[in-house]
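Overview (structure and organization)
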Amino acid sequence: MDDKKIIFSGIQPTGCITLGNYLGALKNWVSLQHDYHCCFSVVDMHSITVRQDPVALRKRCMEFLAQYLACGIDGEENLVFFQSHVPAHAELAWVLNCNVYMGELSRMTQFKDKSAKHENNINAGLFTYPVLMAADILLYKTDLVPVGSDQKQHLELARDVAIRFNNLYGETFTVPEPFIPKEGARVMSLQDPTSKMSKSDPNVNGFISILDKPEDIARKFKRAVTDSESEVAYREGKDGVNNLLSIYASVTGKTVDEAVAEFAGCGYGVFKERVGEAVAEELRPIRERYEDLMKNKDYLETVYRTGAEKARGITARTMSKVYRKVGFVNR
Ligand code: AQP
């Protein structure tokens, strides 16, 4: 075994993969994939914490898998799989549920936000979502979790549970660290730059799908909410402009200061157009590769079957250790 560290990350198949998911997570998965042993899962079990249409969900799961690969994830070098194909995720979640307190879960801001959004379906899964996420991570002895900043609180919970379990039962889990990018950690909605860009936003102008066509990207950026001033500057109170500058910096690899200097003296019209062009250029090859991949269902199937098989092997060893530690009789 080499000394490469381990990464786990996933996206739940709800809505469509956005520029936020891409800059906050996927783009970093791609850049880290050769230096780590990586597990990238389409976390389908998380998605049923809100009501899903089963036919649409099955289709979307395949589309998400193809988008991971289209973004540049190597499906042979990494473990790429559907979470539901690896039963240990649910098994470990149960054990961890018995080691997490109601008080801790009630403090999770995502639970508060989502229960306000889905008043008619505040189910127990929505409440224990972070426990399943902790199981996802801890099963693989994960060292690093590349996520957007919205997941920081959940990751802290995963660390707390790992430490608690290790203290109670002896060294079992690796305590994971978050990997949160400097730029793109929290991409905001183009229509309401005080809220996070969300993949289930009913307003399609608020988010960019990574599969949007260049003309749609241009239109959405043109309509992006800014402010009543005219100076492209990064400062408090200019949420819309700040967001566009961060997006530009993240896709071009420049710093925000460099971006500000580049747009000095530009009006908002030109600024938005140029940000739109940079994003369209970044996403163009992804859309093209995606279209090819969706025609190759056999290849997609090989990727997710092979990934899940290897993941089942790794996680079975973790579960056997966990069950022994908590005192269950050997099978
Ligand atoms: N706006 C964002 N900026 C940066 N990173 C983001 N991430 C999500 N939104 C942003 C990161 O993407 C990964 C997957 O997230 P998820 O599966 O939890 O889904 P979500 O997109 O965070 O969920 P939404 O938008 O809230 O979807 P719905 O509306 O369906 O519930 C994570 O690494 C996350 O940090």
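All values reported here derive from a predicted model rather than from experimental measurement. What you see as residue numbers is a count from 1 along each chain, following the sequence as written. Selection of residues for local features in this predicted model requires a pLDDT of at least 70, selection of side-chain atom pairs for listing and counting requires 80 or more, and totals for whole chains, interfaces and linings are taken over all residues. Heavy atoms throughout the structure, all of them, feed into the side-chain values; hydrogens and water do not.

On to the pairing of strand 1 (residues 5–11). Here strand 1 lies mainly inside the structure; five of its seven residues are buried. For two strands to be treated as a pair, DSSP must find at least two bridges joining them. Here a helix means four or more residues in a row that DSSP labels H or I, a strand means two or more in a row labelled E, and each is numbered from the N terminus. Of the strand pairs in this sheet, strand 1 and strand 2 (residues 36–42) are connected by seven bridges, and their pairing is parallel. The residue bridging Gly 10 from the neighbouring strand is Ser 41, located in strand 2. A clockwise course of the path from the first strand over the helix to the second, judged with the strands pointing away from the viewer, identifies a crossover as right-handed. What joins strand 1 to strand 2 is helix 1 (residues 19–32), and the crossover it makes is right-handed. Think of it in three bands: with a 1.4 Å probe and only protein chains considered, a residue is buried below 20% of the maximum accessible area for its type, exposed above 50%, and partly exposed in between.

The term salt bridge refers to a side-chain nitrogen of Lys or Arg lying within 4 Å of a carboxyl oxygen of Asp or Glu. Enumeration over the complete set of coordinates arrives at 19 salt bridges. As a salt-bridge pair, Glu 262 and Lys 254 come within 2.8 Å of each other at their nearest N and O atoms. The partly exposed category is assigned to Glu 262, whose relative accessible area is 29%. Residue Lys 254 is classed as partly exposed on the basis of its relative accessible area of 30%. Among the ionic pairs, Glu 301 bridges to Arg 305, the shortest N-O distance being 2.9 Å.

Our focus in this paragraph is the site of the ligand. As a matter of local geometry, the ligand sits amid 23 residues, with Thr 14, Lys 114, Asp 150, Lys 196 and Ser 200 nearest to it. Whenever two N or O atoms come within 3.5 Å, that pair is a polar contact, provided that in protein one can donate a hydrogen and the other can accept it, and provided that, for residues adjacent in sequence, both atoms are side-chain atoms. Between the ligand and Gly 20, the relevant distance is 3.1 Å, taken from a nitrogen atom to a main-chain nitrogen or oxygen of the residue. Take Gln 151: an N or O atom from its side chain is 3.4 Å from an oxygen atom of the ligand. Using a 1.4 Å probe, accessible areas were evaluated by the Shrake-Rupley method; residue-level cover was limited to the displayed protein chains. Contact with the protein chains removes 95% of the 660 Å² of surface that the ligand exposes when unbound. Elements supplying a minimum of two residues to the shell around the ligand: strand 1 and helix 1. With four residues, the top contributor of residues to the shell around the ligand is helix 1. Note on definitions. A residue lies near a molecule or strand when any single heavy atom of the residue is within 4 Å of it.

This part takes up the side chain of Ser 189. Of note, Ser 189 is situated in the loop between strand 5 (177–179) and helix 9 (214–222). Residue classification places Ser 189 among the buried positions, given a relative accessible area of 5%. Within the structure, the side chain of Ser 189 is placed 3.0 Å from the backbone nitrogen of Gln 191, a separation counted as a polar contact. For Ser 189, the side chain forms a polar contact with the main-chain nitrogen of Asp 192, separated by 3.0 Å. Between two residues, a contact is recorded if the distance between any of their heavy atoms is within 4.5 Å. Beyond its immediate stretch of four places on either side in the chain, Ser 189 contacts Ser 195, Lys 196, Met 197, Asp 201, Gly 206 and Asn 243.

Turning next to the packing of helix 7 (residues 124–138) against helix 8 (residues 152–169). Geometrically, a packed helix pair is captured by the angle between its two axes and the distance between the axes. Fitted lines through C-alpha atoms give the axes, limited to the stretch in contact for helices. The angle between two N-to-C directions lies from 0 to 180 degrees. Remark: helix 7 packs on helix 8, axes separated minimally by 9 Å, with the N-to-C direction vectors making an angle of 65°. Classified by the interaxial angle, the pair formed by helix 7 and helix 8 is roughly perpendicular. At the point where helix 7 passes helix 8, the crossing takes the right-handed sense. Residue-level inspection shows Tyr 129, Pro 130, Met 133, Ala 134, Ile 137 and Leu 138 of helix 7 in contact with helix 8, the latter providing His 154, Leu 155, Leu 157, Ala 158 and Ala 162. A per-class count over the contact of helix 7 with helix 8 returns 10 nonpolar, one polar and no charged. Angle categories: roughly parallel below 35 degrees, roughly antiparallel above 145, roughly perpendicular from 65 to 115, and oblique for all the rest. Helix crossings fall into two classes, left-handed where the near helix is turned counterclockwise from the far one by less than a right angle and right-handed where it is turned clockwise. Three residue categories are used. Nonpolar comprises Ala, Val, Leu, Ile, Met, Phe, Trp, Tyr, Cys and Pro, charged comprises Asp, Glu, Lys and Arg, and polar comprises the others, including Gly.

Generally speaking, a soluble globular protein has its nonpolar side chains buried in company with each other. We define a nonpolar core as any set of buried Ala, Val, Leu, Ile, Met, Phe, Trp, Tyr and Cys residues linked to one another through side-chain atoms lying within 4.5 Å. The biggest cluster of nonpolar side chains holds 62 residues, and the ones touching the most others in it are Tyr 68, Phe 221 and Val 279. No other element matches helix 12 (residues 268–294), which puts 11 residues into this core. In contact with Phe 221, other than residues within four places in its own chain, are Leu 19, Leu 190, Ile 208, Leu 244, Ile 247, Lys 272, Val 275, Gly 276 and Val 279. In terms of nonpolar packing, the next biggest core, distinct from the first, is built from 41 residues, Phe 8, Leu 126, Leu 155 and Met 319 among them.

For the rest of this paragraph, the subject is the environment of Val 145. Structurally, Val 145 can be placed in strand 4 (residues 144–146). Spatially, the C-alpha atoms of Val 145 and Leu 155 are 8.2 Å apart, while their sequence positions differ by 10 residues.

Here a Phe, Tyr or Trp ring, Trp counted by its six-membered ring, pairs with any other such ring whose centre lies within 6.5 Å, and the pair is stacked when the planes are under 30 degrees apart, edge-to-face when over 60, and tilted otherwise. Evaluation of the coordinates by the stated rule reveals 11 aromatic pairs. Seen in terms of ring centroids, Phe 82 and Tyr 304 are 4.9 Å apart; in terms of plane orientation they differ by 55°. Their pairing is tilted. On the criterion of sequence distance, the pair formed by Phe 82 in strand 3 (residues 79–82) and Tyr 304 in helix 13 (residues 297–326) is long-range, its members being 222 residues apart. Measuring from ring centre to ring centre gives 5.1 Å for Tyr 323 and Phe 328, while their planes differ by 45°; the resulting arrangement is tilted. These aromatic residues form a ring-pair network of at least three members: Phe 8, Phe 81 and Tyr 140. In our convention, an over-ring charge means Lys NZ or Arg CZ found within 6 Å of a ring centre and within 35 degrees of that ring's normal. In this arrangement the basic side chain of Lys 220 is found over the ring face of Phe 207, its NZ or CZ atom lying 5.0 Å from the centre.

These figures capture arrangement, not role.
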